[in-house]
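Take a look at the letters that make up each chain.
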Amino acid sequence: MKILITGSNGMLGHDLIKVLEENNELILTTSKTFDITDKKQTMDYICDTKPDIVINSAAYTDVDGCEQNQDLAYAVNGDGVRNLALACREIDCPLVHISTDYVFDGSARDPIAEDGEIGPISVYGKSKLKGEEAILEILDKYFIVRTAWLYGINGRNFPKTMLELAQNHSEITVVYDEVGTPTYTPDLAYGISQLIETDYYGTYHLTNSGSCSWCEFARYIFEIADKDVKVIPVTASEFARPAPRPSYSVLNNKQWVENGFKPLRNYKEAIKEYIELIK
Ligand SMILES: NC(=O)c1ccc[n+]([C@@H]2O[C@H](COP(=O)([O-])OP(=O)(O)OC[C@H]3O[C@@H](n4cnc5c(N)ncnc54)[C@H](OP(=O)(O)O)[C@@H]3O)[C@@H](O)[C@H]2O)c1
């Protein structure tokens, strides 16, 4: 397949390339070569290259930065996705779009299925929802893949920050009242590679299995990395950040399983592999 990947320099983009490059022809783009906020460039680029499928892993992902730079957040995560959807419709090619657990408000107490009630509480979540809405309005052939708490080799992420802090801290405060599912980008990329072999279009939740709070995740990271760091639990309100986060955003991978795909492995197995790789 000829696959166009936007955001190919990003954390997920890096692993999409690794998973897809062997059996596919990849067209790799970055914000320098192809800015998705430019409507004309997006239409021209996609119409000229004529991919069989587009995977959009480009986004403005700085959750706190989105609060300060709202116009940019909506331009990239909303209008940029609309531009991609319009161009995909023009050449009748499916669009895979990566969205987020932050479209939910955190009030659920059980894993949230794809049709769970939406209610983003941050600019990031609201801007990502705009992107989803544009796709639903414009395209029939789409995969919207909501995922959560990503980490991987190529990018800043929570496990990396914890291990950096462990180098010169014996105590770290970590939020305990936000619960979700850490998801390893190679596992997500593999899932996407399976999905695009099908025409089971629609909205999916796709994360590793299991769930934890950030605090539990930090403790587990230090345990398997053999670091003697005391993790002090704090509430999200004590650990003030510009953007509010949902207190609970565990995603039930319902559509994924119902369509016959194997659940992704438990987050504990995945983080073990990651730490082995980076230590
Ligand atoms: N990280 C998480 O915890 C998380 C959780 C849930 C969902 N997601 C979603 O998963 C997807 C991948 O996330 P990630 O963490 O891999 O993101 P990332 O590492 O921040 O990469 C995003 C990429 O988007 C590109 N980009 C930004 N603005 C652009 C524009 N105007 N035109 C074209 N490209 C642009 C950037 O490209 P350049 O480097 O070339 O500027 C960057 O490499 C995103 O949709 C994100 O919303 C992430």
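The structure we're discussing is the one just above.
The structure displayed is predicted, hence computed values, not measured ones.

### Focus: the overall build of the chain
Summing up its helical and strand segments, the chain has ten helices and twelve strands in all. Here the C-alpha radius of gyration of the chain, 18 Å, is about what a compact globule of 279 residues would show, namely 19 Å. Once the C-alpha set of the chain is aligned to its principal axes, its extents read approximately 55 × 40 × 35 Å. Across the 279 residues in the chain, those meeting the buried criterion constitute 45%.

### Focus on unusual backbone geometry
At D92, a residue that is not glycine, the phi angle is positive and equals roughly 55 degrees. Assignment of secondary structure puts D92 in the loop between helix 4 (70-91) and strand 4 (95-100). Assessed through the 9 C-beta atoms surrounding it within 10 Å, D92 is described here as exposed. A positive phi angle, near 45 degrees, is found at W149, a position not held by glycine. For W149, the position within the fold is in the loop between strand 5 (142-147) and strand 6 (150-151). Note on W149: 25 C-beta atoms within 10 Å, which makes it buried.

### Observations regarding the sheet that holds strand 1 (residues 2-6)
Pairing within the open sheet is parallel, and its six strands lie in the order 2-1-3-4-5-10. Each of the sheet's edge strands pairs with one partner strand only, and the pair in question is strand 2 (25-28) and strand 10 (202-205). For this sheet the average axis-to-axis angle between neighbouring strands, irrespective of direction, equals 20 degrees. When strand 1 meets strand 2, the two strands line up parallel, connected through four bridges. Across the sheet, the residue bridging to K2 is E25, located in strand 2. On top of the sheet, helix 1 (residues 11-20) reaches strand 1, strand 2, strand 3 (53-56) and strand 4; it is set at about 165 degrees to strand 1, its chief contact.

### What about the site of the ligand?
The environment of the ligand is formed by 28 residues, the closest being G7, G10, T30, A58 and A59. Sorting the residues of the shell around the ligand by element identifies helix 1, helix 4 and strand 4 as the ones contributing at least two each. The greatest single-element share of the shell around the ligand, amounting to three residues, is contributed by helix 1. Grouping the constituent residues of the shell around the ligand by class yields eleven nonpolar, 14 polar and three charged.

### A short note on helix 2 (residues 39-49)
All of the buried residues along helix 2 are T42, Y45 and I46. Summarising the axial view, the buried residues of helix 2 lie within an arc of 90 degrees, below the 170-degree limit, and thus occupy one face. The exposed set on the far side of helix 2, more than 90 degrees from its buried face, consists of K40, C47 and D48. On its buried face, helix 2 sits against strand 1, strand 3 and helix 4. Taken from the residues just after helix 2, K50 is the one with a positive phi, measuring 45 degrees.

### Brief notes about the environment of E137
Tracing the backbone through its elements, the reader meets E137 in helix 5 (residues 123-138). Residues E137 and I196, spaced 59 residues apart in sequence, show a C-alpha to C-alpha distance of 21 Å.

### Observations concerning the packing of helix 2 against helix 4
Closest axis-to-axis distance for the helix 2/helix 4 pair is 9 Å, and the angle between their directions is 35 degrees. The element helix 2 and its partner helix 4 pack so that their crossing is right-handed. Contacts from K39, T42, M43, I46 and C47 of helix 2 reach helix 4 at N83, L84, L86, A87, C88, E90 and I91. Residues belonging to the contact of helix 2 with helix 4 are distributed by class as follows: eight nonpolar, two polar and two charged.

Thresholds applied
Residues numbered from 1 in each chain as written. Predicted model: local features only at pLDDT ≥ 70, side-chain atom pairs only at ≥ 80, totals over all residues. Helix = DSSP H or I, 4+ residues; strand = E, 2+ residues; numbered from the N terminus. Rg over C-alpha atoms; globule rule 2.2 N^0.38 Å. Buried ≥ 20, exposed ≤ 12 C-beta atoms within 10 Å, placed from the backbone. Pairing = 2+ DSSP bridges. Axes fitted to C-alpha atoms, helices over the stretch in contact; angles between N-to-C directions. Contact = placed C-beta atoms within 7 Å. Near = placed C-beta within 6 Å. Nonpolar A, V, L, I, M, F, W, Y, C, P; charged D, E, K, R; others polar. Arc of directions from axis to C-beta. Left-handed = near helix turned anticlockwise from the far one by under 90°.

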